[in-house]
Amino acid sequence: MNYWNLFYIALRAIVSNKMRSFLTMLGMIIGVWSVITMLALGQGSKESIRSQLSEMGSNIIMIHPNMGMMGGVRQNASDQQSLKPADYESLKKECVHIAAITPQLTASGQLINGVNNAPSTLYGVNSDYLTIKCLRIKSGNMFNEHQIKVSAKVAVIGKTVADNIFPGVTDPVGQVFRFKNIPMTVIGVLEAKGTNSMGQDQDDVVLVPYTTVQKRILAINYYQSMLASAKSESESQAATEEITEILRRNHHITNPEDDDFSIRSMEELISTISSTTNVLTILLACIAGISLLVGGIGIMNIMFVSVTERTKEIGLRMAVGAKERHILLQFLIESVVISVTGGVIGILLGFLSAWVLTNLVHWNSTVQASSVILAFAVCTATGVFFGWYPAKKAARLDPIDAIHYE
Amino acid sequence: MTKTIIEVRNLTRDFVVGDEVVHALRGVSFAIEEGEFVTIMGTSGSGKSTLLNILGCLDTPTSGDYLLDGLAVREMNKNRRAEVRNNKIGFIFQSYNLLSRTTALDNVELPLLYNRKYTASQRKEMARKALVEVGLENRMTHFSNQMSGGQQQRVAIARALVNEPVMLLADEATGNLDTHTSFEILTLFQKLHQSGKTIVFVTHNPELSAYSSRTIVLRDGQVIEDSRNTHIKSASETLATLPKIN
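Rules used in this analysis
Residues numbered from 1 in each chain as written. Chains lettered and ligands numbered in written order. Predicted model: local features only at pLDDT ≥ 70, side-chain atom pairs only at ≥ 80, totals over all residues. Heavy atoms only, no water. Helix = DSSP H or I, 4+ residues; strand = E, 2+ residues; numbered from the N terminus. Rg over C-alpha atoms; globule rule 2.2 N^0.38 Å. Buried < 20%, exposed > 50% of the residue type's maximum accessible area, 1.4 Å probe, protein only. Contact = heavy atoms within 4.5 Å. Areas by Shrake-Rupley, 256 points an atom, 1.4 Å probe, with all protein chains shown as cover. Lys, Arg positive; Asp, Glu negative; His and termini not counted. Charge placed at Lys NZ, Arg CZ, Asp CG, Glu CD. Polar contact = N/O pair within 3.5 Å; in protein donor to acceptor, adjacent residues only side chain to side chain. Salt bridge = Lys/Arg side-chain N within 4 Å of Asp/Glu carboxyl O. Domains from an automatic or database assignment. Axes fitted to C-alpha atoms, helices over the stretch in contact; angles between N-to-C directions. Left-handed = near helix turned anticlockwise from the far one by under 90°. Nonpolar A, V, L, I, M, F, W, Y, C, P; charged D, E, K, R; others polar. Core = buried A, V, L, I, M, F, W, Y, C linked by side-chain atoms within 4.5 Å. Buried area = accessible area lost by both parts, 1.4 Å probe. Pairing = 2+ DSSP bridges. Phe/Tyr/Trp six-rings, centres within 6.5 Å; stacked < 30°, edge-to-face > 60°. pLDDT = per-residue confidence, 0-100.

## Details of the overall build of chain A
Move 1: A tally of regular secondary structure across chain A gives 13 helices and twelve strands.
Move 2: Taken over C-alpha atoms, the radius of gyration comes to 34 Å for chain A, far larger than the 22 Å a tight globule of 406 residues would show.
Move 3: For chain A, the C-alpha atoms occupy an extent of roughly 105 × 55 × 35 Å along the three principal directions.
Move 4: Looking at chain A as a whole, 49% of its 406 residues qualify as buried.
Move 5: A fraction of 77% describes how many contacts in chain A between residues 6 or more apart in sequence connect residues 24 or more apart.
Move 6: Of the roughly 19200 Å² that chain A leaves accessible, carbon and sulfur atoms contribute 61%.
Move 7: Between the mean site of the 32 positive side-chain charges and the mean site of the 32 negative ones, chain A shows a separation of 4 Å.

## Considerations on the environment of D204 of chain A
Residues and elements named next belong to chain A.
Move 1: Tracing the sequence through the fold places D204 in the loop between β9 (182-190) and β10 (206-209).
Move 2: When its relative accessible area of 29% is taken as the criterion, D204 is described as partly exposed.
Move 3: The sequence separation of D204 and I282 amounts to 78 residues, and the corresponding C-alpha distance is 38 Å.
Move 4: Setting aside residues up to four positions removed in sequence, D204 forms contacts with P119, S120, T160 and V161.
Move 5: Among the polar contacts listed, one links the side chain of D204 to the side chain of S120, at a separation of 3.0 Å.

## Quick look at the environment of S306 of chain A
Residues and elements named next belong to chain A.
Move 1: The topology assignment puts S306 in helix α9 (residues 266-309).
Move 2: Taking the C-alpha atoms as reference points, S306 and Y210, separated by 96 residues in sequence, lie 80 Å from one another.
Move 3: Ignoring sequence-local partners within four residues, the contact set of S306 consists of R20 and F331.
Move 4: Among the polar contacts made by the side chain of S306, one reaches the side chain of R310 at a distance of 2.8 Å.

## Quick look at the pattern of salt bridges
Move 1: Applying the stated rule across the entire model yields 26 salt bridges over all chains.
Move 2: One salt bridge in this structure joins D69 of chain B and K88 of chain B, with 2.9 Å as the shortest N-O distance. In this pair, D69 of chain B is assigned in the loop between β4 (63-68) and β5 (71-72) and K88 of chain B in helix α2 (residues 78-88), connecting sequence segments 19 residues apart.
Move 3: Salt bridges here are not isolated pairs; linked through shared partners, they connect R12 of chain A together with D106, E109, R123 and K124 of chain B.

## Quick notes on the domain arrangement of chain A
Move 1: Each domain of chain A was delimited in the assignment, giving domain 1 (3-52 + 272-403) and domain 2 (81-259).
Move 2: The distance between the C-alpha centroids of domain 1 of chain A and domain 2 of chain A comes to 57 Å.

## Thoughts on the packing of α9 of chain A against helix α11 (residues 324-359) of chain A
Residues and elements named next belong to chain A.
Move 1: Taken N-terminus to C-terminus, the directions of α9 and α11 make an angle of 145 degrees; their axes are 11 Å apart at the nearest point. Regarding α9 and α11, the two cross each other, and that crossing is right-handed. Across from I299, M303, S306 and V307 in α9, the residues of α11 making contact are F331, E334, S335, I338 and S339.
Move 2: Residues that form the contact of α9 with α11 fall into these classes: five nonpolar, three polar and one charged.

## Brief notes about the nonpolar core
Move 1: Within the largest apolar cluster, 73 residues are counted, with the highest numbers of intra-cluster contacts made by I6, F30, I40, L55, Y66, L68 and M167 of chain B.
Move 2: In terms of residues, this core owes the most to one element, α11 of chain A, which gives nine residues.
Move 3: Excluding residues within four positions of it along the chain, M167 of chain B makes contact with I5, I6, L55, Y66, L68, K88, I89, G90, T198 and V200 of chain B.
Move 4: Ranked by size, the runner-up nonpolar core spans 65 residues in total, among them V161, L190, Y210 and V213 of chain A.

## Brief notes about the interface of chain A and chain B
Move 1: Taken together, the contact between chain A and chain B spans 27 residues of the former and 26 residues of the latter.
Move 2: Taking both partners together, chain A and chain B bury about 2500 Å²; carbon and sulfur atoms supply 54% of that area.
Move 3: With a closest N to O distance of 2.5 Å, E83 of chain B and K323 of chain A form a salt bridge.
Move 4: Linking chain A with chain B are twelve residue pairs in polar contact (both at pLDDT 80 or more), by the criterion used here.
Move 5: Here the side of chain A that touches chain B is composed, by residue class, of twelve nonpolar, eight polar and seven charged.

## Notes on the sheet that holds strand β1 (residues 4-17) of chain B
Move 1: Spatially, β2-β1-β4-β5 (chain B) is the arrangement adopted by the four strands of the open sheet, whose pairing is antiparallel. Each edge of the open sheet carries a strand with a single partner, namely β2 (20-33) and β5 of chain B.

## Describing the pairing of strand β6 (residues 89-92) of chain B
All names here are of chain B.
Move 1: Side chains I89 and F91 project from β6 onto one buried face, and the interleaved G90 and I92 project onto a second face that is buried too.
Move 2: Bridge count for β6 against strand β7 (residues 167-171) is four bridges, and the pairing is parallel. Within β7, the position partnered with G90 by the bridge is L168.

## A closer look at the environment of S236 of chain A
All names here are of chain A.
Move 1: Take S236: it is sitting in helix α8 (residues 236-250).
Move 2: Exposure remark for S236: the relative accessible area of 3% places this residue in the buried category.
Move 3: A sequence separation of 159 residues divides S236 from A395, and the C-alpha atoms of the two residues are 61 Å apart.
Move 4: The residues contacting S236, other than those within four sequence positions of it, are I61, A230, S265 and E267.

## Things to note about the sheet that holds strand β9 (residues 214-219) of chain B
Residues and elements named next belong to chain B.
Move 1: Taken in spatial order, the six strands of this open sheet run β6-β7-β8-β3-β9-β10, and their pairing is mixed. Each of the sheet's edge strands pairs with one partner strand only, and the pair in question is β6 and β10 (222-228). Going from strand to strand, the sheet's axes swing by 15 degrees on average, the running direction of each strand aside.
Move 2: Where β7 lies against strand β8 (residues 199-203), four bridges are found, and the strand directions are parallel. Following the sheet pairing, L169 is matched in β8 by V200.
Move 3: Its contacts with the sheet put α2 on β6 and β7, and the angle it makes with β6 is roughly 80 degrees.

## Overview of the packing of aromatic side chains
Move 1: In the structure shown here, the tally under the stated rule is twelve aromatic pairs over all chains.
Move 2: Between F91 of chain B and F93 of chain B the ring centres are 5.5 Å apart and the planes differ by 5 degrees, which places this aromatic pair in the stacked class. For the pair formed by F91 of chain B and F93 of chain B, the shared burial category is buried.
Move 3: Members of the aromatic cluster, connected to one another through ring pairs, are Y88, Y210 and Y223 of chain A.

## A closer look at the confidence of the model for chain B
Move 1: Averaged over all residues, the pLDDT of chain B equals 91, while 99% of them reach at least 70.
Move 2: The ipTM value of the predicted complex is 0.92, and its pTM value is 0.72.

## Regarding helix α7 (residues 210-218) of chain A
Move 1: Among all positions in α7 of chain A, only Y210, T211, T212, V213, Q214 and I217 of chain A are buried.
Move 2: Within two residues after α7 of chain A, A219 of chain A carries a phi angle of roughly 55 degrees, on the positive side.

Take a look at the structure:
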C-alpha cells in the first residue's frame, strides 16, 4: 500500500465534507490562536518591563555596607562605615568587568533660591554616574576631576529641580542656590527622563561631586554606597564576583558570612520581576490551552460521528481490499490533517492578532518561535490522540456488518 | 481443460446465537469453472448470504475447504483475505455502495488505491477503460448522487471490473432497480459473460436464473439443485419486449 494513496483518500474525504471539516477545524483554530496570542502578549509585556528597567541602567551593580550589629543592636546600613575611599580606588583600578564606578553619598534637605525652595536630595557622585544611570546633560557640563578634587560647590540639576527653584528661567546654568547655607553654582542641567516604572521622579535629582557631600556636608571618611555598571548584562555576574573578591581581600574577610557589604545587581531585580510576568503568562496560556483541549475533544466527537456515518463506506473499502491498518491510518490522517490545518490557520491568526495588538492597540506583543513550535506539536499530538480511538473503532468494524449497515 | 475458479468442499458455517448454535451452511460442495455465469438462488434463511460472504472472502467457513483460484482461503488471516478481495474478486452490491459526492471515475478507481502495483496514471486509465466497458463513457466526471439507479449500478460494476478479478460476485445486483433497468443490467452481465468473465450472481428471484448458464439452489444450508441451463434466455431480447419507458 502506497501511503500517499491513504493521504489522498483522507484529503478527499475532508474536501468532500468541507463544512464539517471547517467547523471541526474551528475548535483548533480558536485554541491555537488564543494560545499564540496569550503567549505573545505575555512575552511582549515581559520585554517591555525589561526595557523599562533597562532605562534605569540594566547593568547597575549596587554596593552597600551590610547591616551590622553593634553591641547587640542591628544598625542602619547607611551608618555602617565599611566602604572606604580605599575600596573605591582598588575597585576602580582592578575590576576588569566593570565599565564605570562611582561612590554615592546622599544628603537630603531644602534647596533655596530666594523665595523659591524645594526639598530634594543631593547625590554625591563622580562623572561615571551619568554612564551608569544612562543620563545625559542637556545644557552646561558635568563636573570634572579637578572640581571633585577640590570639593567644588557645583551642581548638575534635574528638570524637576530646575522647574521648582528656578521657575521661568530657560537655562539655569550659572545660577546659584543654597543648600544648608552652602551656595552651589549650577553648571549643568540633565535631560528630562520622566518617572521610572516604579513611579519615582527621575528628574528630581541634584548631582554634586562626592567629595563635596562627604567632606563639606556630611563630614565623614567613608562612603554610604557605591554604584558600578558591568560592561554588559552578561558580565554582571562576573563583575559581582570580582567586586566581592576585592572587597573581602581589602576587609580581610575569610568567611562569607562575615561580609560587611552587600552587592545587588539590577539583573537580579529584573529576573525577580520577570518571574512575576512569567507566572501571568503561564496562567494565560493555561486558560488558552483549555480551549485547545476542547477543540481536540471536538475533533474526537466529529470523528466518532464520522465513523458511524461512514460505516457503510468503511465496509465497502474493506470489501474492495482495504486492510485494518489502511482504515486506521485513513481516519488518523484525516484527524491529523484537520487539526494541523486548524493549527496552521491559528498560528497565522496569532501572528495577525499580535501585529494588530502591537501596531493598532499599542500593547507590546511578540510571537516567539518556541510558542509556534509548541502549538504545532500540540496540534499534531491532539490530532493523533483524539483521532486514534475513533480510527481504531473504524478499523475494528466487521466488513460484513459494516457493508449492510443502514 | 478450463480452469477451476471456485471449489468448495463440504462447507459448513455455524453461528452461535445466545445458547443456540445456528447451522447456516451444512455441507455445501460445488465447483465453478472459469467463464461460467452461475446464479445462486435461495429464499431468505437458506444460507445464501452466508455462502456469499464466504465466497467473497469476508467470512471463513467453520469447516470444509474453499479454494479460490487455487488458494486455500480458510487458512488465511484477515489481511491476506483483504489482499485476495483486492486482487481476485469484484463485488457488486444491491445498494451500489458508491462514495457520495465523488465522481464516477474516482469511485471506480477506489479498489486500485489499495493496491501498490498501480501508479496514479495507470489507475485513471484502468478506471476509464472499465467505465467504457459498462457504457458510461459520457458520465465519467458525474457525481454518484447525480446519477440514476441504473447508472449507479453500472459504476459499481465498473468498480468491480477495474481490478481485473477472476470473478464478479453480485449480491442481488438488480434488487433495487425497476424491471426495465434490471434487464439493462442483466444484459450487461450477459455481455460480460460472453467476453469470458466468471460471474456468481446471488439472488432470491427465480426468474433471473433463466439468463445464466447454471443455477445452484440452496435451502436450509444445503444445495438442493445444481443444474446447467442449456437454453439461456437473452436479456436484451426480453428488454425489447418490455414496454418502452418515456
